Amino acid sequence: MFRSVGVDTESTLLEIFKRGSTTYFNSSLFFPPKVRKEVTRLYAFVRVADDYVDSVPQQVDKFYQFVEEFYRARREGRSSNVVIDSFIKLEREKRFEEDWADSFLRSMEMDIYKKRYSTLDELEDYMYGSAEVIGLMMAKILGLTDESHPHARLLGKSMQLVNFLRDVKEDLALGRQYIPTAVLERFGISSLEEEVVRRHVKEFEGAMRHMVDVYFKWVKGAERGFRFIPHRYLVPIKTANDMYKWTAKVINESPLVVYSVKVKPRKSKIVTRALENIIGVSIWKYFLNTSPIRK
């Protein structure tokens, strides 16, 4: 799968990215072409590994083959698997820390055997590898300073938290529950199984809104790092962030919605927001840079 012989590498990676993420993909269209290609190389790698552990049934053997091929390619400098080969070259070109990809693959492996998280701290350990390091890689792709890295980590983590809230029903079908059991117990609910939730609607809403509050706390810190992002890159980043905030607000207004639909913005909404950001981001960034928050 994904062999380079006779394959149009760029179109293969683009198709993987497009199939895997509506918000990220459509927002990334507003990056300059060179950056967009690098972002595609990153997200194709991430998506393939994630798909192996998220498939039904899980493709455990293929995941470990993918991991084995990745480490072989890292040692040898190349791979016949275009997804891995493209990422290995990106990792070296952009000087990613090797621990970042290592941590990502460890978190993906956790999805094979770990189904519940007891506390938010425990969940955040998982999220470092599954989301925060992706933010760090993006910071490197965009050529941002190390000062931006804590904010990049928060942005990746905050977006993934919204995915966990949005995908409650889908994750249950995979036997997983990412909302910590300590949070559920705090609000008086024992499980996210739909039949349980329907009997404890207020308790469920309390737990979900608490997690939305956590998201907004994290994203506030992430947005403080937008001042480090050059104007030409801020439009797609801010657009993706805006769409995740929109998703969080929809869920906060009616938490039970996650059992009936997958809350995601339409492509038209994403593009419209990007066009608005092209016009307004200069003003927005001016106020961000002059805000007392910066001090």
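Only a predicted model underlies this, so the values are computations on that prediction, with no experimental measurement involved.

Draft legend 1. Region of the structure containing the environment of Lys 62. Mapped onto the elements, Lys 62 comes out in helix H4 (residues 60-76). Residue classification places Lys 62 among the partly exposed residues on the basis of a relative accessible area of 40%.

Draft legend 2. Representation of the packing of aromatic side chains. Evaluation of the coordinates by the stated rule reveals 22 aromatic pairs. Judged by centre distance (5.3 Å) and plane angle (10°), the ring pair of Phe 17 and Tyr 43 falls under stacked. Residue Phe 17 is found in helix H1 (residues 9-20), and its partner Tyr 43 is found in helix H3 (residues 33-54); the two are separated by 26 residues along the sequence. According to the relative accessible area criterion, Tyr 43 is buried, its value standing at 14%. Taken together through their ring pairs, the aromatic side chains of Phe 45, Tyr 52, Phe 66, Phe 70, Tyr 71, Phe 87, Phe 96, Trp 100 and Phe 104 make up a single cluster. It is Lys 157 that lies over the ring of Trp 218; its NZ or CZ is 4.3 Å from the centre. We note Arg 232 situated over the ring of Tyr 233; from NZ or CZ to the ring centre the distance is 4.5 Å.

Draft legend 3. Representation of a nonpolar patch on the surface within the structure. On the surface, Leu 275, Ile 278 and Ile 279 cluster together into a nonpolar patch covering about 310 Å² of accessible area. Given a relative accessible area of 70%, Ile 279 falls into the exposed group.

Draft legend 4. Quick peek at H1. Between its first and last C-alpha atoms H1 spans 17 Å; for 12 residues at 1.5 Å apiece the expected length is 16 Å, and the two agree. Buried within H1 we find Thr 12, Leu 13, Ile 16 and Phe 17. Viewed along the axis of H1, the buried residues span an arc of 130°, placing them on a single side of the element. In H1, the exposed residues that point more than 90 degrees away from the buried face are Lys 18 and Arg 19.

Draft legend 5. Summary view of unusual backbone geometry. A cis amide bond, omega -5°, links Val 56 with the succeeding residue Pro 57. By the secondary structure assignment, Pro 57 is in the loop between H3 and H4. Positive phi is not limited to glycine here, since Arg 95 has a value of about 60°.

Draft legend 6. Examining the pattern of salt bridges more closely. Applying the stated rule across the entire model yields 28 salt bridges. Between Arg 273 and Glu 276 there is a salt bridge, and its shortest N-O distance comes to 3.0 Å. Linking Arg 273 with Glu 276, this pair stays in helix H14 (residues 267-290), spanning three residues, or about one helical turn. On the accessibility criterion, Glu 276 (42% relative accessible area) is partly exposed. A single network of salt bridges, built from pairs that share partners, joins Arg 74, Glu 91, Glu 98 and Asp 102.

Draft legend 7. Spotlight on the environment of His 149. Mapping His 149 onto the fold places it in helix H8 (residues 149-166). The spatial distance from the C-alpha of His 149 to the C-alpha of Ala 248 is 24 Å, given a sequence separation of 99 residues. Setting aside its immediate chain neighbours within four residues, His 149 contacts Trp 100, Leu 136, Ala 139, Lys 140 and Leu 144.

Draft legend 8. Fine view of empty space enclosed by the protein. As enumerated under the stated definition, the model contains one cavity of 30 Å³ or more in all. In this model, the largest cavity occupies a volume close to 50 Å³. Here the lining of the largest cavity gets three residues from one element, more than from any other, and that element is helix H9 (residues 168-173). When its residues are assigned to classes, the lining of the largest cavity shows six nonpolar, one polar and two charged.

Draft legend 9. Structural view of the packing of helix H7 (residues 120-141) against H8. As a packed pair, H7 and H8 sit with axes 7 Å apart at the nearest point and diverge in direction by 125°. The orientation of H7 with respect to H8, classified from their angle, is oblique. In the crossing of H7 with H8, the sense of the turn from one axis to the other is right-handed. Of the residues in H8, those in contact with Leu 123, Glu 124, Tyr 126, Met 127, Tyr 128, Ser 130, Ala 131, Glu 132, Gly 135, Leu 136, Ala 139 and Lys 140 of H7 are His 149, Ala 152, Arg 153, Gly 156, Lys 157, Gln 160, Leu 161 and Phe 164.

Draft legend 10. The arrangement of the side chain of Lys 157 in detail. Position of Lys 157 relative to the elements: it lies in helix H8. The class for Lys 157 is buried, based on a relative accessible area of 7%. Leaving out residues up to four positions away in the same chain, Lys 157 has contacts with Glu 124, Met 127, Ala 131, Glu 132 and Trp 218.

Draft legend 11. Layout of H4. Here H4 spans 24 Å end to end across 17 residues, near enough to the 24 Å set by a 1.5 Å rise per residue. All of the buried residues along H4 are Phe 63, Phe 66, Val 67, Glu 69, Phe 70, Ala 73 and Arg 74. Down the axis of H4, the smallest arc covering the buried residues is 165°, so these residues share one side. For H4, exposure combined with an orientation more than 90 degrees from the buried face picks out Asp 61, Gln 65, Arg 75 and Glu 76. Next to the buried residues of H4 lie H3, helix H5 (82-93) and helix H6 (98-113).

Thresholds, definitions, all that
Residues numbered from 1 in each chain as written. Predicted model: local features only at pLDDT ≥ 70, side-chain atom pairs only at ≥ 80, totals over all residues. Heavy atoms only, no water. Helix = DSSP H or I, 4+ residues; strand = E, 2+ residues; numbered from the N terminus. Buried < 20%, exposed > 50% of the residue type's maximum accessible area, 1.4 Å probe, protein only. Phe/Tyr/Trp six-rings, centres within 6.5 Å; stacked < 30°, edge-to-face > 60°. Lys NZ or Arg CZ within 6 Å of the ring centre and 35° of its normal. Patch = residues over 30% accessible without salt bridge, like charges linked within 9 Å, V, L, I, M, F, W, Y side chains within 5 Å. Areas by Shrake-Rupley, 256 points an atom, 1.4 Å probe, with all protein chains shown as cover. Salt bridge = Lys/Arg side-chain N within 4 Å of Asp/Glu carboxyl O. Expected span 1.5 Å × (residues − 1). Arc of directions from axis to C-beta. Contact = heavy atoms within 4.5 Å. 1 Å grid on protein atoms, 1.4 Å probe; cavity = no way out; pocket = protein on both sides within 12 Å on 5 of 7 lines; lining within 4 Å. Points joined across faces, edges and corners; volume = space filled by probe spheres on them. Nonpolar A, V, L, I, M, F, W, Y, C, P; charged D, E, K, R; others polar. Axes fitted to C-alpha atoms, helices over the stretch in contact; angles between N-to-C directions. Parallel < 35°, antiparallel > 145°, perpendicular 65-115°, else oblique. Left-handed = near helix turned anticlockwise from the far one by under 90°.

Take it as geometry only, folks, not as evidence of what the structure does.
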